[in-house]
Amino acid sequence: MLRINPCRAAFVFLVLTAIALAPCTRAWARPAINIGVETILASQKDRFVDPKLLPLKNELNSVFRYTSYRLINSRQLQLNIGRKGTVQLPGGRVLTIVPKNIKGKRATLSLMMHKKKRNIFNTEIRLRNHSAIIVGGPKYKNGNLIFRISNSF
Amino acid sequence: MDKQYSSCDEQLIYRYFDKDMDPEENARFQNHLGVCKTCSMQLEHLKNQAEALADRINEESEKADFYALEKKVLGEIRRKNRSFFNWKDVLFKKIYVPATVAVAMTVLVSFYYFYMPLYSPPSAIINSFTGEFSSVMILETPETKQTILWINEDESFNVENQSV
């Protein structure tokens, strides 16, 4: 008859449980999300594409009719769930980002853009991992501002 | 010979022999047998035939081994049943079912690997959107399905912009 050592059995059980629950630790902990904010000035006054924006050129041209894309600013944030991050934007605008949660392959982000005390927009999005959302439209100098907000977790 | 009541009727002899007569009819036929030699001889002949047949059947029955015969018949039935179900059972369980499962799995895996990648979900799903703007457009880049929010700010923002 097979004899089972209770201590060894308990140890094996604990190890197996730890292995099984390991993927869940991310959910239990408050993970950090890497968020990138690129500020681009798009205009039709000249012909120029910032070298750093070359990978995006085709994507932008497929939707917009601008002839010039200039990278004004690029910020990287690492935010835990529930922590607020702010990015100063041209024209006195401020972008506030708050990660809400991560479910599956998407992170829920709260994005607020305001100018002085006025709220330009307030949105909640579910952004896929390693992808981006493009927010554009605000007028600046002789063009429009385009904000590319990306995330990874 | 005058026929009395339906006398010398062969059918009556058979019925009498089979005891298939009511008492009155039986008594009447017995009276007829007392006076009719032909019917008596036919009845006697019938009785002799029946006895000879019974003796022959008994003789053969004693010779036959019914137990062995029963066993042989049942064995034959079982053999036929076994052979009938066996090949169909094998065909169904060992060929049809696994083949169906394999085809279904192949279809599912092919769908997952070949069709699903063709469908790419948008980069961002917008749960809510509010603000002070004159209009907003939601677009998507054709290749990478990146979500685009295009906001036309309220004119009052532009006035403040100029002052800044």
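Model, not experiment: these values are computed from the prediction.

Take helix H3 (residues 37–63) of chain B next. All names here are of chain B. The end-to-end C-alpha distance of H3 is 39 Å, a good match for the 39 Å that 27 residues give at a rise of 1.5 Å each. If you check which residues of H3 are buried, you get Cys39, Leu43 and Leu46. Where H3 is buried, its residues meet helix H1 (10–17) and helix H2 (23–35).

Here the focus is the nonpolar core. Residues and elements named next belong to chain A. Ranked by internal contacts, the top residues of the largest apolar core, which has 29 residues, are Ile35, Leu95, Ile97, Leu109, Ile133, Val135 and Ile149. Among all residues touching isoleucine 35, those that are not within four sequence positions of it are Arg75, Gln76, Leu77, Leu79, Ile97, Pro99, Leu109, Ile149, Ser150 and Asn151. Judged by nonpolar contacts, the second largest core, of 13 residues, contains Ala42, Leu71, Ile134 and Ile146.

Here 7 strands make up an open sheet; going across it, the order is S2(A)-S3(A)-S1(A)-S9(A)-S8(A)-S3(B)-S2(B) and the pairing mixed. In this open sheet, the two strands that pair with only one neighbour each are strand S2 (48–49) of chain A together with strand S2 (133–140) of chain B. Both S2(B) and strand S3 (residues 147–153) of chain B contribute to a ladder of 7 bridges, which runs antiparallel. Within the sheet, the bridge partner assigned to Leu139(B) lies in S3(B) and is Ile148(B).

Let us look at the pattern of salt bridges. Residue and element names in this part refer to chain B. Within the structure shown, the criterion is met by 11 salt bridges over all chains. One salt bridge connects glutamate 24 with arginine 28, and the closest N-O pair in it is separated by 3.1 Å. Placement of both glutamate 24 and arginine 28 in helix H2 is noted, with a separation of 4 residues, approximately one turn of the helix. Among the residues examined, glutamate 24 registers a relative accessible area of 57% and is labelled exposed. Relative accessible area serves as the criterion here: at 37%, arginine 28 is assigned to the partly exposed category. The salt bridge partner of glutamate 60 is lysine 63, with a shortest N-O separation of 3.8 Å. One end of the pair is glutamate 60 and the other is lysine 63, both in helix H3 and 3 residues apart, which spans about a single turn. One network of salt bridges, with partners in common, ties together Arg56, Glu60 and Lys63.

The rules behind the values
- Residues numbered from 1 in each chain as written.
- Chains lettered and ligands numbered in written order.
- Predicted model: local features only at pLDDT ≥ 70, side-chain atom pairs only at ≥ 80, totals over all residues.
- Heavy atoms only, no water.
- Helix = DSSP H or I, 4+ residues; strand = E, 2+ residues; numbered from the N terminus.
- Expected span 1.5 Å × (residues − 1).
- Buried < 20%, exposed > 50% of the residue type's maximum accessible area, 1.4 Å probe, protein only.
- Contact = heavy atoms within 4.5 Å.
- Core = buried A, V, L, I, M, F, W, Y, C linked by side-chain atoms within 4.5 Å.
- Pairing = 2+ DSSP bridges.
- Salt bridge = Lys/Arg side-chain N within 4 Å of Asp/Glu carboxyl O.

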